[in-house]
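# Architecture and fold: a report
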Amino acid sequence: MTEQQQVPEAVFGSYYGRPVIKVTKWKEPHLPAYLFLGEMSGASAVVAALAAATRRPSLARAARLASAASAAAGAGFLTAELGRPERFLNMLRVFKPTSPMSMGAWVLAAHSGLVSAAAASEVTGLAPKLAEAAGEAAALTGPVLATYPAALLADTAVPAWHSAHRELALLFAGGALTSAAAAGLLAAALPGSTADREPLRRLAVAGVALESVAGYGLEHMADDAARPYREGPGGQALRAARAMTLAGGACALAARRSRGMAVLSAGLLAGGGLAAKFAVLRAGVASARDPRYVVAGQRGRTQPGSRKSR
């Protein structure tokens, strides 16, 4: 009798019907909305600083207001997810550089204060020098706020997140670019706006390319953790995100002289970015519930040539 005949094929099960690992309790739409708005606020702060440096005051104003508004809205969704506001304040009692959760809380608090100060000065006209300094500082915290959730999710045991640490970083970076472009294009399309749409169009195209590469990478990862991004609710949301993002990029190319196309592009880009966050959450939940992703993923990471064994 051969060795293959002696050892039966492994069947992945669970303990009395329970998942092998705890399924995340993050809810829809709170988490996806928070992630999307964090991307928008962080990238818009960078756009505002660059616009101010290149003497585009109308674009700088629109980006500063968008950054502050999305930061406030994102904080609202985070508070709704946590259940009580004091839970966020409790996270600020600890400063732990090795914890993505701790650093994310501190970055969110610092960034929100900076963009709020810059936006308040923009509206009232008070303390313009201080507002300029706050805007420049927010351009440093913005990229961290936009992309730190990739590290936060990848630091968990959820297979669809842990195996996709590279792809998630690209996805959040691309989403930050498209969301900031969406906010800027919408503001630039408002009656009376003189904001230059050309930088926003380029930003949108760059973000679409990055998000598309990241989405392809999620669907074609080497291990079974890619399956939740291809099948089920996660796969459906990711395909919808790709369709809207690509359509939004195409509309952005045609938005140079058309306000209508700018508004349509903004809506599609924002919808695609939000759908991508739903896809990430749903894929993570699906992979945590199914034991085959947990057990097979751990086996695969110990095999020679796997991503984790190198």
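Residues numbered from 1 in each chain as written. Predicted model: local features only at pLDDT ≥ 70, side-chain atom pairs only at ≥ 80, totals over all residues. Heavy atoms only, no water.

When helices and strands are tallied, the chain shows 13 helices and 0 strands. Each helix and strand of the chain, placed in order from N terminus to C terminus, yields the pattern α-α-α-α-α-α-α-α-α-α-α-α-α. The buried share among the 310 residues of the chain stands at 46%. Within the chain, contacts between residues separated by at least 24 positions form 72% of all contacts whose residues are at least 6 apart in sequence. Of the accessible surface of the chain, which amounts to about 15400 Å², a share of 62% is contributed by carbon and sulfur atoms. (Helix = DSSP H or I, 4+ residues; strand = E, 2+ residues; numbered from the N terminus. Buried < 20%, exposed > 50% of the residue type's maximum accessible area, 1.4 Å probe, protein only. Contact = heavy atoms within 4.5 Å. Areas by Shrake-Rupley, 256 points an atom, 1.4 Å probe, with all protein chains shown as cover.)

All right, on to the nonpolar core then. Residues Trp 161, Leu 168, Leu 171, Leu 218 and Tyr 229 are the most contacted members of the largest nonpolar core, which totals 36 residues. Per element, the largest residue contribution to this core is 8 residues, and it comes from helix 12 (residues 259-289). Not counting residues up to four positions away in its chain, the partners in contact with Leu 218 are Ala 164, Glu 167, Leu 168, Leu 171, Ala 226, Tyr 229 and Leu 238. Within the second largest apolar cluster, 24 residues are counted, among which are Leu 59, Ala 63, Ala 189 and Ala 266. (Core = buried A, V, L, I, M, F, W, Y, C linked by side-chain atoms within 4.5 Å.)

Between its first and last C-alpha atoms helix 5 (residues 100-124) spans 36 Å; for 25 residues at 1.5 Å apiece the expected length is 36 Å, and the two agree. Looking only at helix 5, the buried set comprises Pro 100, Ser 102, Gly 104, Ala 105, Val 107, Leu 108, His 111, Ser 112, Val 115, Ala 118, Ala 119 and Ser 121. Positive backbone phi, at 80°, marks Gly 125, one or two positions downstream of helix 5. (Expected span 1.5 Å × (residues − 1).)

Right, let's talk about the pattern of salt bridges for a bit. Within the structure shown, the criterion is met by 9 salt bridges. When the shortest N-O distance is used, the salt bridge between Arg 256 and Glu 198 registers 3.4 Å. Within this pair, whereas Arg 256 is found in the loop between helix 11 (232-253) and helix 12, its partner Glu 198 is found in helix 9 (residues 198-219), the two being separated by 58 residues in sequence. Residues Arg 227 and Asp 224 are paired through a salt bridge, measuring 3.9 Å at the closest nitrogen-oxygen approach. Relative accessible area serves as the criterion here: at 23%, Arg 227 is assigned to the partly exposed category. (Salt bridge = Lys/Arg side-chain N within 4 Å of Asp/Glu carboxyl O.)

Time to look at helix 3 (residues 57-82). Look at helix 3: 37 Å from first C-alpha to last across 26 residues, which is about the 38 Å you get at 1.5 Å a residue. Among the residues trailing helix 3, Gly 83 stands out with phi positive, at a value near 95°.

Moving on to the confidence of the model for the chain. With 86% of its residues at a pLDDT of 70 or more, the chain shows a mean pLDDT of 85. Least confident of the elements in the chain is helix 1 (residues 3-6), whose mean pLDDT is 52; most confident is helix 11, at 96. (pLDDT = per-residue confidence, 0-100.)

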